[in-house]
Amino acid sequence: MSSRTIKALFAGAVMSLAVPGVASAAECIAPANPGGGWDFTCRQIGKIMYDIGAVDQPVQVTNMAGAGGGLAFTHVVNERNDDEDLIVAASSATSTRLAQNAFAGATADQVRFVGAIGADPGVIVVANDSPYETLGDLVDAIKADPGSVAFAGGSAVGGFDHLKPLMILQRAGFTDITKVKYIGVDGGADAITQTVGGFTQAMTGDMSEIVSFLKAGEVRAIAVLTEERVPGFEDIPTAREQGFDVVAVNWRGLYIPKGVSDEVFDSWADKLQQVADSDEWKASMEANGLAPFTLVGSEFQSYVDGVVAEIRQLSQDIGVIQ
């Protein structure tokens, strides 16, 4: 008898004893080694699902590192397409890599994105003595002279940090985005150092990367790329309220196999919403520097589809992909 058959028989036996509507023997794949964002997503969401009774057995976490999430994605598509008990950790990196064809031809519609329930907000930062007081000031300077402003970010050229200011500039009607200067360095701290030192005029990154520098008075955040201002950082205006309709966050969420039924999809969406509404998740977000960002079910699938399309077009425009 194959291991797959044994697993199926065991899962069936467990499900027959389960409380109706409550998943049993669930597994969460973290597409990376222990530690880091995807591992955190599986372990925290899985633990809270069990603690609040959304599932009736502890969620097993499987670490499956490789190809920046591509190994896990391919495994789910090819080997687990109808596994109702499987959830997979995902983030903005997942949608960015899918948009840029980094998973060897895999596409976002080969899985179902269940939801996101927390995020590391994107930010645009300048040095404390910068002449740019607002996001509008910075955008106006680039529109007048694209070579006058360079951004530093912790991702490579074409990565999410690079794309954030390009999204803002596109909303501002600036189309020649290949003229926008970007320097990719090794992480957010190095990007801030470049900006504080005057080598670049702005930094593009995530909130978690800038907190200590904000407290030290070395930088000013001129925009946070969320729908609403971030609790604890209410003095930082959103890009939206400054006239630039951009939400760009490193969301934390889940996808599941495409081959499951709508009923199973809705069940996982409901469980994830229960986690989002729990005091345990609110405490976890606060302890780990995440901001509220809750999109669950079909609304989140539509959001991911839109982000993938926009990033694919931006990536083509700057020559990252053909």
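Residues numbered from 1 in each chain as written. Predicted model: local features only at pLDDT ≥ 70, side-chain atom pairs only at ≥ 80, totals over all residues. Heavy atoms only, no water.

As recorded in an unreviewed UniProt entry, the protein goes by Tripartite tricarboxylate transporter substrate binding protein and comes from Algicella marina. Of the protein, the UniProt comment under Sequence similarities (unreviewed entry) reads exactly: "Belongs to the UPF0065 (bug) family." (UniProt positions renumbered as here; feature names shortened; annotations may be inferred.)

Peer 1: Outline the domain arrangement of the protein, listing residues and values.
Peer 2: Each assigned domain of the protein is listed here: domain 1 (27–120 + 250–318) and domain 2 (121–242). Computed from C-alpha coordinates alone, the two centres of domain 1 and domain 2 are separated by 27 Å. Across the contact, 14 residues belong to domain 1 and 17 residues belong to domain 2. For the domain 1 and domain 2 pair, buried surface summed over both sides reaches about 1300 Å², with 65% attributable to carbon and sulfur atoms. Along the contact surface separating domain 1 from domain 2 lie 1 salt bridge. E310 is paired through a salt bridge with R171; the nearest N and O atoms lie 2.8 Å apart. For the side of domain 1 that touches domain 2, the secondary structure elements donating two or more residues are helix 4 (92–99), strand 4 (111–127) and helix 11 (298–317). With 5 residues, the top contributor of residues to the side of domain 1 that touches domain 2 is helix 11. Classifying every residue of the side of domain 1 that touches domain 2 gives 6 nonpolar, 5 polar and 3 charged. (Domains from an automatic or database assignment. Contact = heavy atoms within 4.5 Å. Buried area = accessible area lost by both parts, 1.4 Å probe. Salt bridge = Lys/Arg side-chain N within 4 Å of Asp/Glu carboxyl O. Helix = DSSP H or I, 4+ residues; strand = E, 2+ residues; numbered from the N terminus. Nonpolar A, V, L, I, M, F, W, Y, C, P; charged D, E, K, R; others polar.)

Peer 1: Would you mind going over the pairing of strand 2 (residues 60–63) in detail, with residue names and values included?
Peer 2: Here 4 bridges tie strand 1 (residues 27–30) to strand 2, and the two strands are oriented parallel to one another. Bridging from a neighbouring strand, C28 pairs with V61 of strand 2. As for the winding sense of the linkage, the β-α-β connection from strand 1 through helix 2 (residues 37–51) to strand 2 is right-handed. (Pairing = 2+ DSSP bridges. Right-handed = clockwise from strand over helix to strand, strands pointing away.)

Peer 1: For the pattern of salt bridges, give the residues involved together with the corresponding values.
Peer 2: Side chains bearing opposite charge may pair, as long as their charged atoms lie close to each other. A full pass over the atoms with the stated rule returns 12 salt bridges. Several salt bridges share partner residues, and in doing so they unite E27, R80 and D83 into one network.

Peer 1: Before we move on, can you summarise the packing of helix 2 against helix 10 (residues 279–288) with the specific residues and values?
Peer 2: Running from N to C, helix 2 and helix 10 point in directions that differ by 155°, and their axes come no closer than 10 Å. Relative to helix 10, helix 2 is oriented roughly antiparallel. Handedness of the helix 2/helix 10 crossing: right-handed. Contacts from F40, Q44, I45 and I48 of helix 2 reach helix 10 at E280, W281, S284 and N288. Taken together, the residues of the contact of helix 2 with helix 10 break down into 4 nonpolar, 3 polar and 1 charged. (Axes fitted to C-alpha atoms, helices over the stretch in contact; angles between N-to-C directions. Parallel < 35°, antiparallel > 145°, perpendicular 65-115°, else oblique. Left-handed = near helix turned anticlockwise from the far one by under 90°.)

Peer 1: Explain the packing of aromatic side chains residue by residue, including any values.
Peer 2: Taken as a whole and assessed by the stated rule, the structure comprises 9 aromatic pairs. Seen from their ring centres, F113 and F300 are 6.4 Å apart, and the 65° between their planes marks the pair as edge-to-face. Of the two residues, F113 is situated in strand 4 and F300 in helix 11; the sequence distance between them amounts to 187 residues. A relative accessible area of 0% means that F113 is categorised as buried. (Phe/Tyr/Trp six-rings, centres within 6.5 Å; stacked < 30°, edge-to-face > 60°. Buried < 20%, exposed > 50% of the residue type's maximum accessible area, 1.4 Å probe, protein only.)

Peer 1: Tell me about the state of the cysteines, and please be specific about residues and values.
Peer 2: Across all of its chains, the model carries 1 disulfide by this definition. With a sulfur-sulfur separation of 2.1 Å, C28 is cross-linked through a disulfide to C42. Handedness here is read from the sign of the S-S torsion; for C28 and C42, about -75°, the answer is left-handed. Here C28 is found in strand 1, whereas its partner C42 is found in helix 2, with 14 residues between them in sequence. (Disulfide = S-S within 2.5 Å.)

Peer 1: Describe a negative patch on the surface, with residues and values.
Peer 2: Taken together, the side chains of D82, E84, E263, D266 and D270 define an acidic patch exposed on the protein surface. Checked against the element boundaries, E263 lands in helix 9 (residues 262–277). Accessibility expressed as a relative area gives 64% for E263, which makes it exposed. (Patch = residues over 30% accessible without salt bridge, like charges linked within 9 Å, V, L, I, M, F, W, Y side chains within 5 Å. Areas by Shrake-Rupley, 256 points an atom, 1.4 Å probe, with all protein chains shown as cover. Lys, Arg positive; Asp, Glu negative; His and termini not counted. Charge placed at Lys NZ, Arg CZ, Asp CG, Glu CD.)

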